[in-house]
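Chain by chain, the residues:
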Number of protein chains: 4
Amino acid sequence: MIDTATHPWLGDLLGDTQIAAIFQPDAELRRLLKVEAAWTRAIGSVAADGTADRVAVAIENAPIDPSTLKAGTTQDGVPIPALVRLLRDHVGPDHAALVHTGMTSQDVMDTSLMLALGDVLSVMENRMSALDQQLLDMQAAFKGRTMPAYTRMQPALQTTVHDVIGRWRNPFERLMNDARDLTNKVRIVQWGGPIGARDHAQAQAIGAAFAENLGLRDPGQAWHTDRSVVLDVAYLLSRISIATGKIGEDVCVFALAGAENITFTGGGSSAMPHKNNPVKAEALVALADFATVLATNLNRSARHEGFRSGRAWTLEWLILPQLCASVGAGTLLAAHTIEDIISMGAI
Amino acid sequence: MIDTATHPWLGDLLGDTQIAAIFQPDAELRRLLKVEAAWTRAIGSVAADGTADRVAVAIENAPIDPSTLKAGTTQDGVPIPALVRLLRDHVGPDHAALVHTGMTSQDVMDTSLMLALGDVLSVMENRMSALDQQLLDMQAAFKGRTMPAYTRMQPALQTTVHDVIGRWRNPFERLMNDARDLTNKVRIVQWGGPIGARDHAQAQAIGAAFAENLGLRDPGQAWHTDRSVVLDVAYLLSRISIATGKIGEDVCVFALAGAENITFTGGGSSAMPHKNNPVKAEALVALADFATVLATNLNRSARHEGFRSGRAWTLEWLILPQLCASVGAGTLLAAHTIEDIISMGAI
Amino acid sequence: MIDTATHPWLGDLLGDTQIAAIFQPDAELRRLLKVEAAWTRAIGSVAADGTADRVAVAIENAPIDPSTLKAGTTQDGVPIPALVRLLRDHVGPDHAALVHTGMTSQDVMDTSLMLALGDVLSVMENRMSALDQQLLDMQAAFKGRTMPAYTRMQPALQTTVHDVIGRWRNPFERLMNDARDLTNKVRIVQWGGPIGARDHAQAQAIGAAFAENLGLRDPGQAWHTDRSVVLDVAYLLSRISIATGKIGEDVCVFALAGAENITFTGGGSSAMPHKNNPVKAEALVALADFATVLATNLNRSARHEGFRSGRAWTLEWLILPQLCASVGAGTLLAAHTIEDIISMGAI
Amino acid sequence: MIDTATHPWLGDLLGDTQIAAIFQPDAELRRLLKVEAAWTRAIGSVAADGTADRVAVAIENAPIDPSTLKAGTTQDGVPIPALVRLLRDHVGPDHAALVHTGMTSQDVMDTSLMLALGDVLSVMENRMSALDQQLLDMQAAFKGRTMPAYTRMQPALQTTVHDVIGRWRNPFERLMNDARDLTNKVRIVQWGGPIGARDHAQAQAIGAAFAENLGLRDPGQAWHTDRSVVLDVAYLLSRISIATGKIGEDVCVFALAGAENITFTGGGSSAMPHKNNPVKAEALVALADFATVLATNLNRSARHEGFRSGRAWTLEWLILPQLCASVGAGTLLAAHTIEDIISMGAI
């Protein structure tokens, strides 16, 4: 669709290269290989067969032909069957059984997704922490200043700029805590095999080894049809976008109500030099609205019929990366919007 | 728009009289009066003035003229200013200052909403507990039976009916825990006054007394522009609807795939006697789809500009009661759908 | 699930009794009986049997027990099978074959829906015409006045109040034309029988007679799985809500930017007498946002699998009446918002 | 913001390189320069100054530094101010007045969008025509075959495969007509200047020349705050995705109900050789679900406050290109899904 992160001119307004990088095909392929290698080591360790490590290294460094992967994805609806064929060819017939045996495609992709979401959450937590510090600094800088509290789009009573900024800061404490908790919660593997039953004599040992090889935990059973953990991430991202969106909306409202409330750099108009448009704040609102739209869809993709849903799962792929990237772009743009503020309130 | 709960024929398919009753105007008015009375007692207790209790009782029993309330709501966008005028007239000029002084309309309505949501959550928790028991009984009844696990809309390997039902039960444990936690979390008052500043010499004592009079907690500050608690309820309701919706969707899928998977009563067709339509399961899917988008669109109503947003808040009123009622209807219909099941799987 | 039209205090702010009346159970039941009677006359006319008219009159005046209808709807997912049983009992075994034979439930309900949507569109067209006249009068009243054109939430160049109001009027010309075209387009019957095949020797004559008896046209084939005509109505309603929502949003923006732009009556605050809140304009924005949410869902309910979809169709029932009523409420509230305007711009 | 079109493995399942190419930055930049050049020729023609053509050619061939454009977009919220500075530098101070004078950023971008949407619609019309021919051929190939008509997810009566496919074909006739009408409707320029007033002595002549230079029509006034034409395109795209999504959903339903209904190539499972997953049909449903919500949420971005809305307009940028690309991908995947069908129904 359009990758705003790499877009030659929209990139710094609406894009987020850091989050986008997490979902780039190359990064995803590396994660998929990492997961397959961890699995090979897991089943190898159970079999006490010394070759597993060497096969795992071969997997991690396997050259993957994108066109084979593409043809396979179009055929199978997921890239994993083609990837496994390539890997088995690569390690040779003697070691083919050490590749992927006992897993199913969704196991690989959902485990890879957990690694990606862990990275996303960690980025988000750091950005919220920096945003909160920016806002704290701004409270100090505008100490003692006052401005009207706006209720129902009208000036109500006078309040302090400290209080106005305090309302912006308010959600971040809980959001940072939730991000931290969730970072831990997503650090799990998905493993179930064809129908999620973990049909293997040494299931417990293999699950534990698989998880340990990836620095994750084994939740003890397959969870792929219950997308709660994905919904939890989306719910957190939604609330982050509401928090950054409010900053954008308030800056628009304060600026419209008068320069005694707020002044900022940027947003000039060549045709009308007197104007000072709140363009970053406007884009911040647009990103928040966009994230909400995407979150709407994610609830749909969370109801998986039977033991595996191709339709719901594919819908999740279309939504989740850009939900992460658009909320990420909102955190970046919120920081820029705040940086641009010259003054708030009156002495 | 249409009250499905009281609808003469849709009521038992798509309605939920118990949840609807919580949001009925009469119940809401009683809650509003209860909140106003609790406030009167709170400010009276601080002033150590013995009349507050008598005024509070008068408030609780005040006759309220709906047409005055209606005209006031149309004028002010909220019913509270007109309600306060009626109450002050009712208690007389000597005690008028004991009515509402220090509060603002949103304080009354949001506190009332917390009482309503506490009731909603308690109903939901009980229903989920009953649903889970129904499913547990069904696991026992169909012990030893097998059927195909469906993946990607096709039969995969054989699995047990126990496991199929286990996947239905799976989300409820966390959902019941979350409902319990949230029932506690919503038991808070909202109080802030005109711009949420709690501008009162004895704010702490008044807040504490106000909360105690309602059996709620005082969070210590106004939270009205941060709708996190409402979003948390919506997020829980959303996930309940995903869990009940999956039961509906699976019943449709199993029934289509063949009578060896599932048989149930009901859903006859007068024109085609061989048919056994999964009508309740279908309506369950419809309710889940309806609830999900309502819930997610609360994200829109959660971004309140400035210190009070008429537009976002009014949007919340339009969505929240029917979100509760449609998820409630889904829990009722899930119970009926399960009751109708005659058999699952083969021996 | 809350009927805002009959709500004791929200009714004049967020409700629309006229549109709600169209969808009230009594009105719907009368339409259903009217459709069944028209069908009886249609099959009777083909059979040249003089009793059809008398049976049709009996149908139109049949007493219907709501509790029987309710039990039947819960059982069958639609009220029609129970209704037909009641009607056949009512007309007696000799004439039972003249009731409903050759139709299916969806034929009755979709034909009834077309009658309802015709009424809705006619109300909308009249209201838009009145709104446009109001705006035209306001252009005349504020002739020669100027105010800033706001671009990107900032004052740009001066423009005329005439031009500001002209932008509000702009969409209505096309919307009224589209409403008129669509009023004609929805005046069709749905008839197909069990699987939509019109399996009857005299299908053409019966279809024509059925339509004529209702003052509708026969499109010549069943269209029930193709919801285009419903989507067309929803698309029109969506655009009406965008047009009325813009009036609301602009009034909020102009009022915030200063009293030299706009003044209006109403929206007083008891605690802060200096305030003049744009409460109706805010509620207008909320109604538009709400309508958009509902329209979102309607696209989902438009994809009907196979030859009849219970899930998609039931979802449509949950959405469509309140989409009509909330857009209707927006047209009423837009009229009130405009009435309240005292002045716009400066001389 | 993953570009599925260029994605190394998702590209042929979920991507559409042809539509994506229309919105690629390079193509968009070429359109923007084309529009600026057309404008230069338009104002030059009015001034009867021979230099305009040479300046227009210089504009069309101007080297544009992406980093300057990016910095400008981040600053101004739109790329045009920076682009105009680059173009004026390029043509030199003597001719700078021939660049962009009298236009505003949105005029350039919206006119460019109309060119892009014209291309999109033309692609869609051709693809629907090809799809319809494919379905017509399939009707001929399976002539005389029968299968059950499924109503409410259950087999009803027998019908012909011809009729089943006929229901798939049904919407395309109107959709192709609408695409054709709309292709003509979008062939308009947007021109209004700073506040949309066309404040120029020779406005009519300039508007006409501007349009003619681009092969478009001049609607005679600015329409930028009324997004009807964008909504019309989104509404058409939405209905296309409903039509292709139904094919996907029906294939899933028919395949689940039994091989006597449908068989197709592809969708093999390495772990379960007996399986034949309808993976393309599933992805088709996912694309339709994705497109539908994107389309409807353009309703949000269609309400532009005042004379220009940065927030609503930016939201449109985020949604529209991927709406076009995902509906486009659906038309491609529908063709592949149909190609894969080996047989339908029984003889």
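What you see is a predicted model, and the numbers here were worked out from it, not measured in a lab.

About the criteria used
- Residues numbered from 1 in each chain as written.
- Chains lettered and ligands numbered in written order.
- Predicted model: local features only at pLDDT ≥ 70, side-chain atom pairs only at ≥ 80, totals over all residues.
- Heavy atoms only, no water.
- Helix = DSSP H or I, 4+ residues; strand = E, 2+ residues; numbered from the N terminus.
- Buried < 20%, exposed > 50% of the residue type's maximum accessible area, 1.4 Å probe, protein only.
- Areas by Shrake-Rupley, 256 points an atom, 1.4 Å probe, with all protein chains shown as cover.
- Least-squares fit on C-alpha atoms with pLDDT ≥ 70 in both.
- Contact = heavy atoms within 4.5 Å.
- Salt bridge = Lys/Arg side-chain N within 4 Å of Asp/Glu carboxyl O.
- Polar contact = N/O pair within 3.5 Å; in protein donor to acceptor, adjacent residues only side chain to side chain.
- Nonpolar A, V, L, I, M, F, W, Y, C, P; charged D, E, K, R; others polar.
- Buried area = accessible area lost by both parts, 1.4 Å probe.
- Expected span 1.5 Å × (residues − 1).
- Core = buried A, V, L, I, M, F, W, Y, C linked by side-chain atoms within 4.5 Å.
- Axes fitted to C-alpha atoms, helices over the stretch in contact; angles between N-to-C directions.
- Parallel < 35°, antiparallel > 145°, perpendicular 65-115°, else oblique.
- Left-handed = near helix turned anticlockwise from the far one by under 90°.
- Pairing = 2+ DSSP bridges.
- pLDDT = per-residue confidence, 0-100.
- Phe/Tyr/Trp six-rings, centres within 6.5 Å; stacked < 30°, edge-to-face > 60°.

### Digging into the overall build of chain A
Next up, step 1: The number of helices and strands found in chain A is twelve helices and four strands.
Next up, step 2: Projected onto its principal axes, the C-alpha positions of chain A cover 80 × 40 × 35 Å.
Next up, step 3: The proportion of buried residues among the 347 residues of chain A is 69%.
Next up, step 4: Of the accessible surface of chain A, which amounts to about 11,000 Å², a share of 52% is contributed by carbon and sulfur atoms.

### Quick word on the relation of the copies chain C and chain B
Next up, step 1: Rotating chain C by 180 degrees and moving it 0.1 Å along the rotation axis overlays it on chain B with an RMSD of 0.2 Å. The two molecules are tied by a two-fold rotation axis, judged by turn and shift.
Next up, step 2: Looking at the interface residues of chain C, 98% of them are also at the interface in chain B, so both copies use one shared face.

### Considerations on the interface of chain C and chain B
Next up, step 1: The interface is formed by 60 residues belonging to chain C together with 59 residues belonging to chain B.
Next up, step 2: One can count two salt bridges joining chain C with chain B.
Next up, step 3: For the salt bridge of R311 of chain C with E249 of chain B, the shortest nitrogen-to-oxygen distance reads 2.8 Å.
Next up, step 4: Linking chain C with chain B are five residue pairs in polar contact (both at pLDDT 80 or more).
Next up, step 5: Sorting elements by how many residues they give to the side of chain C that touches chain B places helix 11 (residues 279-300) of chain C first, with 13 residues.
Next up, step 6: Across the side of chain C that touches chain B, the residue classes tally to 32 nonpolar, 18 polar and ten charged.

### Re the pattern of salt bridges
Residues and elements named next belong to chain A.
Next up, step 1: Per the counting criterion, the structure on display carries 76 salt bridges over all chains.
Next up, step 2: In this structure, D340 engages K280 in a salt bridge whose closest nitrogen and oxygen atoms are separated by 2.8 Å. Note that D340 is positioned in the loop between helix 12 (310-339) and strand 4 (341-344) and K280 in helix 11 (residues 279-300), a separation of 60 residues in sequence.

### Here's the deal with the interface of chain A and chain B
Next up, step 1: Taken together, the 58 residues of chain A in the interface contact 57 residues of chain B.
Next up, step 2: Approximately 5,000 Å² of surface area, both sides summed, lies buried where chain A meets chain B, with 53% of it carried by carbon and sulfur atoms.
Next up, step 3: Our count for the contact surface shared by chain A and chain B stands at eight salt bridges.
Next up, step 4: Across the contact surface, chain A and chain B share 27 residue pairs in polar contact (both at pLDDT 80 or more).
Next up, step 5: Elements with a contribution of two residues or more to the side of chain A that touches chain B: strand 1 (146-151), strand 2 (154-160), helix 8 (161-185), helix 10 (228-257), helix 11 and helix 12 of chain A.
Next up, step 6: Here the element with the most residues in the side of chain A that touches chain B is helix 10 of chain A; it accounts for twelve residues.
Next up, step 7: Tallied by class, the residues present in the side of chain A that touches chain B amount to 22 nonpolar, 18 polar and 18 charged.

### Things to note about the side chain of S301 of chain A
Residue and element names in this part refer to chain A.
Next up, step 1: Secondary-structure assignment places S301 in the loop between helix 11 and helix 12.
Next up, step 2: Assessed through its relative accessible area of 1%, S301 is described here as buried.
Next up, step 3: Within the local environment of S301, its side chain forms a polar contact with the backbone oxygen of L298, the two atoms lying 3.0 Å apart.
Next up, step 4: Excluding its chain neighbours within four sequence positions, the residues that come into contact with S301 are R227, A312, L315 and E316.

### Details of helix 10 (residues 228-257) of chain C
Residue and element names in this part refer to chain C.
Next up, step 1: Taking 1.5 Å per residue as the helical rise, helix 10 with its 30 residues ought to reach 44 Å, and the 42 Å between its terminal C-alpha atoms agrees with that figure.
Next up, step 2: By the criterion of burial, helix 10 is predominantly enclosed, with 30 of the 30 residues buried.
Next up, step 3: Once helix 10 finishes, G258 follows within two positions and takes phi at roughly 140 degrees, a positive value.

### A few points about the relation of the copies chain A and chain B
Next up, step 1: With an RMSD of 0.2 Å, chain A superimposes on chain B once it is rotated by 180 degrees and translated 0.1 Å along the axis.
Next up, step 2: Here 97% of the contact residues of chain A are again contact residues in chain B; the copies associate through an equivalent surface.

### A closer look at the nonpolar core
Next up, step 1: One finds M344 of chain A, M344 of chain B, M344 of chain C together with M344 of chain D to be the most contacted residues of the largest nonpolar core, which totals 514 residues.
Next up, step 2: Ignoring any residue separated from it by four or fewer positions in sequence, one finds M344 of chain A in contact with M138, F142, R145, M147, V161, V164, I165, W168, F254, N261 and I262 of chain A.

### Thoughts on the packing of helix 7 (residues 105-141) of chain D against helix 12 (residues 310-339) of chain D
All names here are of chain D.
Next up, step 1: Direction vectors running N to C along helix 7 and helix 12 enclose 15 degrees, while the axes themselves pass 10 Å from each other. Here helix 7 is positioned roughly parallel relative to helix 12, judged by the angle of their axes. Regarding helix 7 and helix 12, the two cross each other, and that crossing is left-handed.
Next up, step 2: Its residues placed into classes, the contact of helix 7 with helix 12 shows 17 nonpolar, five polar and four charged.

### Some words on the pairing of strand 2 (residues 154-160) of chain D
Each regular strand displays side chains that alternate between the two surfaces of the sheet.
Residue and element names in this part refer to chain D.
Next up, step 1: In this structure, strand 1 (residues 146-151) lies alongside strand 2, joined through five bridges in antiparallel fashion. By the bridge assignment for strand 2, Y150 is matched with P155.
Next up, step 2: Hairpin connection of strand 1 to strand 2: two residues between the antiparallel strands, including R152 at a positive phi of 50 degrees.

### Examining the confidence of the model for chain A
Next up, step 1: In the predicted model, chain A carries a mean pLDDT of 90, and 97% of its residues have values of at least 70.
Next up, step 2: The ipTM value of the predicted complex is 0.92, and its pTM value is 0.94.

### Focus: the packing of aromatic side chains
Next up, step 1: Within the structure shown, the criterion is met by 22 aromatic pairs over all chains.
Next up, step 2: On the basis of an interplanar angle of 20 degrees and a centroid distance of 6.4 Å, the ring pair of W168 of chain C and F254 of chain C is categorised as stacked. Of this pair, W168 of chain C sits in helix 8 (residues 161-185) while F254 of chain C sits in helix 10, and the two are 86 residues apart along the sequence.
Next up, step 3: Residue W168 of chain C is classed as buried on the basis of its relative accessible area, which comes to 1%.
Next up, step 4: Looking at F254 of chain C, the relative accessible area reads 1%, which means it is buried.
Next up, step 5: On the basis of an interplanar angle of 90 degrees and a centroid distance of 5.1 Å, the ring pair of W39 of chain D and F210 of chain D is categorised as edge-to-face. In this pair, W39 of chain D sits in helix 3 (residues 25-47) while F210 of chain D sits in helix 9 (residues 203-213), placing the two residues 171 residues apart along the sequence.
Next up, step 6: Exposure remark for W39 of chain D: the relative accessible area of 0% places this residue in the buried category.

### So, the environment of L182 of chain A
Residues and elements named next belong to chain A.
Next up, step 1: For L182, the position within the fold is in helix 8.
Next up, step 2: As a C-alpha pair, L182 and S122 span 60 residues in sequence and 9.6 Å in three-dimensional space.
Next up, step 3: Among residues more than four places away in sequence, those in contact with L182 are L121, D232, V233 and L236.

### Notes on the environment of I59 of chain A
Residue and element names in this part refer to chain A.
Next up, step 1: When you line up the elements, I59 lands in helix 4 (residues 51-60).
Next up, step 2: Judged by relative accessible area, which is 0%, I59 ranks as buried.
Next up, step 3: Taking C-alpha positions, I59 is 11 Å from H95, a pair spaced 36 residues apart along the chain.

### Some points on the packing of helix 10 (residues 228-257) of chain B against helix 11 (residues 279-301) of chain B
Residues and elements named next belong to chain B.
Next up, step 1: Packing of helix 10 against helix 11 brings their axes to within 8 Å, and their N-to-C directions diverge by 155 degrees. On the basis of their axis angle, the class for helix 10 and helix 11 is roughly antiparallel. Seen from above, helix 10 lies across helix 11 with left-handed handedness. Contacts between helix 10 and helix 11 involve V230, L231, A234, S238, S241, I242, T244, G245, G248, E249, V251 and C252 from the first element and A281, E282, L284, V285, A288, A291, T292, A295, L298 and N299 from the second.
Next up, step 2: Within the contact of helix 10 with helix 11, the residues separate by chemical class into 13 nonpolar, seven polar and two charged.

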